[in-house]
Amino acid sequence: MKILVANPNSSTIVTEVIARSAKRKIINPNTQIIPMNNSRGTENIDCGFADYQSSWSLIREILQKVEEEKVDAVVLAGFGNVGIFALKEALSIPVLSISETSQTIACLMGHKYTVLTAMKQNIPLQEDLVRLFRLEGKCASIRAIDINVEKCVTEKDKVLQRLKEEITKIVEEDGAEVVILSCGGLCGYDEELQKLVGLPVIDPVTVTVKMAEMMVETGLCHSKKRKFANPPQPLAEYF
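Rules used in this analysis
Residues numbered from 1 in each chain as written. Predicted model: local features only at pLDDT ≥ 70, side-chain atom pairs only at ≥ 80, totals over all residues. Heavy atoms only, no water. UniProt positions renumbered as here; feature names shortened; annotations may be inferred. Helix = DSSP H or I, 4+ residues; strand = E, 2+ residues; numbered from the N terminus. Buried < 20%, exposed > 50% of the residue type's maximum accessible area, 1.4 Å probe, protein only. Contact = heavy atoms within 4.5 Å. Areas by Shrake-Rupley, 256 points an atom, 1.4 Å probe, with all protein chains shown as cover. Lys, Arg positive; Asp, Glu negative; His and termini not counted. Charge placed at Lys NZ, Arg CZ, Asp CG, Glu CD. Salt bridge = Lys/Arg side-chain N within 4 Å of Asp/Glu carboxyl O.

Naming follows an unreviewed UniProt entry, where the protein appears as Hydantoin racemase of Jonquetella anthropi DSM 22815. One UniProt comment on the protein, placed under Sequence similarities (unreviewed entry), says "Belongs to the HyuE racemase family."

Pasting the structure below:
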């Protein structure tokens, strides 16, 4: 089984961190993780403009990689829109975004969850995504530590302290029972934070890769009947 894990930004540093989170809970020796960098994307996806700017090239690179590698599932490792609906239309293999998947799983783990992201400017975008996924009743809050994606990887002590401080506020002020680290740059902080704060903390890449693995193993995929039906023209006509 091959799972393509696609970083929507162009940072190789972030891609390396995402790849580690993608691989760390894989048990099946037949599961192969294929990390992908969006070479033409922005270095940091820190706002709506960067999300849309990077999606165009990400979609095309993913479609090319799927064809070359004959992958069985795709994980979009960015906590935004990043072309998820377009790729579900174009592909007939499981396509999962870390945003939708981790928030859906969080609903099973507690009464309400909080999305903890990197940049404050991203909060309205995250609020829109919660509404898009119809999860308003389960999302207690969306908060940010206001550190950009690459610095989340390179300034670990500072980031860990900010995350801990923000989770304390989440518990005291928002009533959340589960926390989602909603940024590829925040991968790998989950286990240490769980010990520090005593709450379930979700690394979205880890759980989404495991969900993709399960879908391939059980033969499940998104429906191609209505919303994600194939585009009416050949894909080449759109390029």
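> Break down the overall build of the protein for me, citing the residues and quoting the values.
A count of helices and strands for the protein gives 9 helices and 8 strands. Seen through its C-alpha atoms, the protein measures out along the principal axes to roughly 50 × 35 × 35 Å. Counting the 239 residues in the protein, one finds 52% classified as buried. A separation of at least 24 residues holds for 71% of the contacts in the protein among residues at least 6 apart in sequence. For the protein, the accessible surface area stands at approximately 11,200 Å², while carbon and sulfur atoms represent 51% of it. In the protein, which carries 28 positive and 31 negative side-chain charges, the distance between the mean positions of the two groups comes to 3 Å.

> Break down the environment of Gly 185 for me, citing the residues and quoting the values.
Here Gly 185 is to be found in the loop between β7 (178-181) and α8 (190-197). Given a relative accessible area of 0%, Gly 185 falls into the buried group. For Gly 185 and Thr 168, which are 17 residues apart along the polypeptide, the C-alpha to C-alpha distance reads 21 Å. Setting aside residues no more than four positions away along its own chain, Gly 185 makes contact with Val 14, Val 149, Cys 152 and Val 153.

> Go over the side chain of Ser 102, please, and point to the residues and values.
In this structure, Ser 102 sits in helix α4 (residues 98-106). Excluding residues that lie within four positions of it along the chain, Ser 102 makes contacts with Phe 79, Ile 180, Ile 202, Pro 204, Val 207 and Thr 208.

> Residue-level account of the pattern of salt bridges, with values.
The full count for this structure, using the stated rule, is 15 salt bridges. Between Glu 191 and Lys 25 there is a salt bridge whose closest N-O contact spans 3.1 Å. A residue pair is termed long-range when its members are at least 10 positions apart, and Glu 191 in helix α8 and Lys 25 in the loop between α1 (12-23) and β2 (32-37) qualify at 166 residues. Given the relative accessible area of 38%, Lys 25 is considered partly exposed. Ionic pairing is found between Glu 173 and Arg 143, a salt bridge with its closest N-O pair at 2.9 Å.

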